[in-house]
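Structural characterization, general
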Amino acid sequence: MDDFFLRALVGGVALALVAGPLGAFVVWRRMAYFGDTLAHAALMGVALGLLLEIHLTLAIIAVSGLLAVVLALMTRQRRLAVDTLLGILSHGTLSIGLVALAFMDWVRVDLMAYLFGDILAISNADLLLIFGGGFLVLGVLAVLWRPLLAMTVNEELAQVEGVPVAAGRLALMLLMAVVVAVALKIVGILLITSLLIIPAAAARRFAVTPEAMAILASLAGAAAVTGGLHASLAWDTPSGPSIVVVALLLFLLAEVAGAALRRR
Amino acid sequence: MNGPAIAFEGVGLILGRTTVLEDLSLRIAAGSIHAVVGPNGGGKSSLVKSLLGQMPHRGTIRLDWRSDKPGVVAYVPQSLDFDSGLPMTVEDVLAILCQQRPAFLGPSRALVKQFDAALDRVGMADKRKRRFGALSGGERQRVLLAQALIPAPDLLILDEPMTALDEAGAQIFEELLLDLKDRGVTVLWVEHDLAQVRRLADRACGLNRHLLFDGPPAEVLAPERLLDLFATAPRRSLLKAAS
């Protein structure tokens, strides 16, 4: 097995394990569009990173994190409906990123790699970032698991029970920002959210507890990454879409199996 | 511990360009059942959310507890807008909301007894292992009432708790409310069913952005007052009377 492929596989599986529990919250809390917005903003982070010559992952975390804070503040003001706000920020930041990159004629950018992932581009340093970011996200999620679940049942009730809801909401957004940043090279900007949503959606058919759903989502994600990367290598297809197609097949399989089990 | 008195002083709330509450001053007596009535969009739920600290309101909202240590505040929302696929049983939901330790460890023995007692009180004892998302609206509402009883509350805030309840559920709610009153619990109760308010509340206030009236239900819920309350713009004379 080639080194680059092994790096992509290890990084991708690690990413899927982290995306499982986080994706469960994205599904339960209906944050799919929010995830897309963060992912689209990542391209602005890429442009900023290239402009300021700083590490792209850090630049993406900074931009996505800033966007999460802006969103948290603006949704509190309630001047605009949340999905309208997300639409503006999502497409606005993606377009700013694309225009800024077009102006930067001194750097050569493989736009397709950023948009759809490129397993050839994963270095050992990227792997370290994926593991570092992954441990951070899983650690914070473990600590915040109960309060976040309480918020998922009902935010007002959770607040009455002493959960700092605004801080919890922001923490969840920032965790998503970290996952988006470290997932960029594997699945690409346009498909990052699918790694959060599809495995979790497949897992919900079989899970009897929230924890079981998180674990099943991680396993489904890991299977999708493994299958997708092998397909990408075998047929020279872009890694991100290949992973998503396998995840989609797993989801359909889970739906059919779930329906069959229920009919028994 | 008995329930606190609640003082709203000059409370205002503006969301975007909409004035939701304007210069509202109201006092809820300790240990009383105080109902809040008014039209949709009149600011009833916003008042509750301001009390819970979830709205960026102006003015002062003060809880005057009878001892130095604040008591237990419980809240029953109007409904739960959550993903029905969330894999949690009734017991899991209670555990998530009522205990600090991780949910996957399950509830402690002491809590299990409290869960049993609370679920029994709302007629849901046999459904504790049922998936919460599979319950009917009325059953979910009963579970929400049960969670408000763990631990025993001193202040209970109810936001239209009877909306989804059937007749048996309404009867349970009524018994619960009267029992809490006997124990000196303060109850702030947002409700649209005026007949229930007349029967169960000690006082009722009418809210349509402004406070329009506040007094014993038999007096303030007269047809003339209600016409004003549910009209789109409150009459000046009534505003004057309330101030």
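For clarity, every value in this text was computed on a predicted model and none was experimentally measured.

Moving on, we come to the pattern of salt bridges. Residues and elements named next belong to chain B. Applying the stated criterion across every chain, the model contains 18 salt bridges over all chains. Two residues, aspartate 64 and arginine 62, come together in a salt bridge whose shortest N-O distance is 3.0 Å. Classification of aspartate 64 as partly exposed rests on a relative accessible area of 25%. Across the pair glutamate 174 and arginine 199 runs a salt bridge whose closest N-O atoms are separated by 2.7 Å. Taken together, the residues glutamate 174 in helix 5 (residues 167–182) and arginine 199 in helix 6 (residues 194–200) connect sequence positions 25 residues apart. Among the residues examined, glutamate 174 registers a relative accessible area of 15% and is labelled buried. What you see here is one network of salt bridges that share partners, running through Glu9, Arg27, Arg62 and Asp64.

What follows deals with helix 4 (residues 82–103) of chain A. If you check helix 4 of chain A, its first and last C-alpha atoms are 31 Å apart, about what 22 residues at 1.5 Å a residue would give, namely 32 Å. Buried residues of helix 4 of chain A: A:Leu85, A:Leu86, A:Gly87, A:Leu89, A:Ser90, A:Thr93, A:Leu94, A:Gly97 and A:Leu101, and no others.

Our focus in this paragraph is the domain arrangement of chain B. By convention, interface size is frequently given as the accessible area that disappears when the constituent parts associate. Residues and elements named next belong to chain B. Its domain assignment divides chain B into domain 1 (5–72 + 153–240) and domain 2 (88–151). Averaged C-alpha coordinates put domain 1 and domain 2 at centres separated by 27 Å. Listed per partner, the contact involves 15 residues of domain 1 and eleven residues of domain 2. In total, domain 1 and domain 2 occlude about 1100 Å² of area from one another, counting both sides; carbon and sulfur atoms represent 69% of this. For the pair domain 1 and domain 2, the interface holds two salt bridges. One salt bridge connects aspartate 179 with arginine 121, and the closest N-O pair in it is separated by 2.1 Å.

This part takes up the side chain of B:Arg140. Within the element layout of this structure, B:Arg140 appears in helix 4 (residues 137–148). In contact with B:Arg140, not counting residues within four places along its chain, are B:Leu80, B:Phe82, B:Ser84, B:Phe132, B:Gly133 and B:Leu135.

Residues and elements named next belong to chain B. Residue proline 151 is bonded to the preceding isoleucine 150 through a cis peptide linkage, with omega at -10°. Structurally, proline 151 is set in the loop between helix 4 and strand 6 (155–159). In this model, glutamate 160 sits at a positive phi of 45°, which is unusual for a non-glycine residue. You can see glutamate 160 is positioned in the loop between strand 6 and helix 5. Residue glutamate 160 is classed as buried on the basis of its relative accessible area, which comes to 7%. Positive phi outside glycine occurs at arginine 209, with the angle close to 75°. Relative to the helices and strands, arginine 209 is located in the loop between strand 8 (203–208) and strand 9 (210–215).

What counts and what doesn't
Residues numbered from 1 in each chain as written. Chains lettered and ligands numbered in written order. Predicted model: local features only at pLDDT ≥ 70, side-chain atom pairs only at ≥ 80, totals over all residues. Heavy atoms only, no water. Salt bridge = Lys/Arg side-chain N within 4 Å of Asp/Glu carboxyl O. Buried < 20%, exposed > 50% of the residue type's maximum accessible area, 1.4 Å probe, protein only. Helix = DSSP H or I, 4+ residues; strand = E, 2+ residues; numbered from the N terminus. Expected span 1.5 Å × (residues − 1). Domains from an automatic or database assignment. Contact = heavy atoms within 4.5 Å. Buried area = accessible area lost by both parts, 1.4 Å probe.

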